[in-house]
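One-letter residues, chain by chain:
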Amino acid sequence: MGESLFDIKAFEELYRRHYTRLYCFAYDFVGDIETSKDIVSEAFTRLWKVRETLNNDRIEGLLFITVRNDCIKYLRKKKSSDKYMAYCLASMKEEDEHSFSSIDERIEEMQRVLEQLPARTRFVVEECCYNERTYKEVAEILQISTSGVKKHIVKAFAQLREHFHVNRQNK
């Protein structure tokens, strides 16, 4: 490439030259139009922020690696979210259709159980399940290991299972 990315015109040319290929690359990974656009736009935004530290001859490779890594990160978060959703759906199917009169009551019941958890465990569940953070991200926030985060999740889910299992038997 050779030109300096300090120049906005050179950066715009880089964007025009690579955006479509990067978008198609991202779309092949994630299969979602808007997510692919977001991932590619974010890659260019991050590139712009660090442009002064880059070797201009390797920009294209860096862009593809960044997009690939962001796609993988997105898919991991989605997989985690999908697992939680599957768990919730499975627990709903297990329940007798008369045990809760509506989904809203079930959600309120889950919220009450979560509020009874220790603050740190509740924080981990909220960050991982509601805010879609990875175990690693939550571990960094709390300055604990990822296995520590997993232990909090296991503890919370065990308490939820126990609560709903006991309530189902009592009804």
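Residues numbered from 1 in each chain as written. Predicted model: local features only at pLDDT ≥ 70, side-chain atom pairs only at ≥ 80, totals over all residues. Heavy atoms only, no water.

Chemist: What is the right way to read the pattern of salt bridges from this model?
Modeler: Pairing between side chains of opposite charge can happen when the charged atoms of each approach one another. Enumeration according to the criterion identifies nine salt bridges in this entry. Measuring nitrogen to oxygen at the nearest pair gives 3.7 Å for the salt bridge that ties glutamate 34 to lysine 37. With glutamate 34 and lysine 37 both in helix 2 (residues 33-49), this residue pair falls three residues apart, about one helical turn. For glutamate 34, a relative accessible area of 48% puts it in the partly exposed group. The salt bridge involving glutamate 42 is made with arginine 46; its shortest N-O contact spans 3.8 Å. On the criterion of helical spacing, the pair formed by glutamate 42 and arginine 46 is a turn pair, its members being four residues apart in helix 2. Given a relative accessible area of 37%, glutamate 42 falls into the partly exposed group. The exposure class of arginine 46 is partly exposed, given its relative accessible area of 31%. Three or more residues are tied together by salt bridges with common partners; here these are Glu42, Arg46 and Asp70. (Salt bridge = Lys/Arg side-chain N within 4 Å of Asp/Glu carboxyl O. Helix = DSSP H or I, 4+ residues; strand = E, 2+ residues; numbered from the N terminus. Buried < 20%, exposed > 50% of the residue type's maximum accessible area, 1.4 Å probe, protein only.)

Chemist: Would you take a moment to explain helix 1 (residues 8-30) for this structure?
Modeler: The periodicity of an α-helix, 3.6 residues per turn, causes residues three or four places apart in sequence to face the same way. The largest bend in helix 1 comes to about 45°, at histidine 18. Within the span of helix 1, buried status applies to Ala10, Phe11, Leu14, His18, Tyr19, Leu22, Tyr23, Ala26 and Val30. Following helix 1 by one or two positions, glycine 31 adopts a phi angle in the positive range, close to 70°. (Bend = angle between axes of the 7 residues up to and from the residue.)

Chemist: Would you mind showing me how to read the side chain of histidine 152 here?
Modeler: With respect to the helices and strands, histidine 152 occurs in helix 7 (residues 146-170). Overall, histidine 152 belongs to the buried group, its relative accessible area being 16%. Filtering out sequence-adjacent residues up to four positions away, histidine 152 remains in contact with Arg120, Thr121, Val124 and Ile144. (Contact = heavy atoms within 4.5 Å.)

Chemist: Quick question: what am I supposed to make of the environment of threonine 53 here?
Modeler: Along the polypeptide, threonine 53 turns up in the loop between helix 2 and helix 3 (59-94). Using a relative accessible area of 66% as the deciding quantity, one classes threonine 53 as exposed. Here valine 50 takes part through its backbone oxygen, which lies 2.8 Å from a polar atom of the side chain of threonine 53. (Polar contact = N/O pair within 3.5 Å; in protein donor to acceptor, adjacent residues only side chain to side chain.)

Purely geometric stuff here, so don't read any function into it on its own.
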